[in-house]
Amino acid sequence: MEPLTEQEIRAAFVNCTKGEARRLSVPRDLADRPWADLDFLGWRDPQAPDRAYLVTELDGRLSGLVLRSAAPAFGQTRRSMCSMCLTSHTGGVSLMVAPRAGKAGKQGNSVGAYMCGDLCCSLYVRGRKEAGAGARLHETITLEEKIRRTVGNFAAFIAKVTA
């Protein structure tokens, strides 16, 4: 992924108003992100832990989503798998819910998926970040195929939000 500016990030959101996009918390460490290893930019809002954001490029156009997640259960020890990158975590997967874009979102409709709570799927797939023993299942497909699958899963999720 190519590095993004704060202005590009704010303009990319498809499931919130322009005013909400102007007010959301954008990471201050954009210059320090590992852009070459990212398929999307994902982050949690430090002032509102139940809010998360995701920005990626699809078909040559940036798309951003506002997400909400349930608060993690205290002391959760159950192992769960991210539906995007297929990484297993003990307590590190959250149900992320995105309001649908347009009229459907205004009526309260939303789409949800289980995702890595820290939104670091790109780094887990590439082995740049570890989620603990047994987090990645042995697969016979190549790294490029794993990356394509993860990108495809996010593209399908974004398509559901914007449909």
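Since this is a predicted model, take the numbers as computed values, not measurements.

Caption draft 1: A look at unusual backbone geometry. One non-glycine residue with positive phi stands out, namely aspartate 59, at about 55°. Among the secondary structure elements, aspartate 59 is positioned in the loop between β2 (48–58) and β3 (61–69). A residue is classified by how much of its surface remains accessible, and aspartate 59, at 84% relative accessible area, is exposed. A positive phi angle, near 65°, is found at leucine 86, a position not held by glycine. With respect to the helices, strands and loops of the structure, leucine 86 is situated in the loop between β4 (79–81) and β5 (88–90). On the basis of relative accessible area, leucine 86 is assigned to the partly exposed category, the value being 26%.

Caption draft 2: Broad picture of the side chain of serine 63. Positionally, serine 63 belongs in strand β3. Those residues within four positions of serine 63 in sequence are excluded, and the remaining contacts are Ala12, Leu54, Val55, Thr56 and Ile158.

Caption draft 3: Expanded view of the packing of aromatic side chains. Counted by the stated rule, this structure contains three aromatic pairs. A centroid spacing of 6.0 Å and a plane angle of 85° characterise the contact between phenylalanine 13 and tyrosine 53, whose relative ring orientation is edge-to-face. Of this pair, phenylalanine 13 sits in the loop between α1 (6–11) and α2 (18–23) while tyrosine 53 sits in strand β2, and the two are 40 residues apart along the sequence. Take tyrosine 53: its relative accessible area is 1%, and that puts it in the buried class. Chaining the aromatic ring pairs together yields one cluster made of Phe13, Trp43 and Tyr53.

Rules and cut-offs
- Every chain is numbered on its own, with residues counted from 1 as its sequence reads.
- Totals for whole chains, interfaces and linings use every residue, but because this is a predicted model, local features are given only for residues with pLDDT of at least 70 and side-chain atom pairs only at 80 or more, for both listing and counting.
- Processing note: side-chain calculations cover all non-hydrogen atoms of the structure and skip hydrogens and water entirely.
- The helix and strand labels rest on DSSP assignments: H or I over at least four residues marks a helix, E over at least two residues marks a strand, and numbering proceeds from the N terminus.
- Each residue's exposure class comes from its accessible area (1.4 Å probe, protein chains only) as a fraction of the maximum for that residue type: buried when under 20%, exposed when over 50%, partly exposed otherwise.
- Working rule for contacts: check all heavy atoms of both residues, and any pair within 4.5 Å makes them a contact.
- Ring pairs shown here join Phe, Tyr and Trp side chains whose ring centres sit within 6.5 Å, with only the six-membered ring taken for Trp; geometry is labelled stacked below 30 degrees between planes, edge-to-face above 60, and tilted in between.

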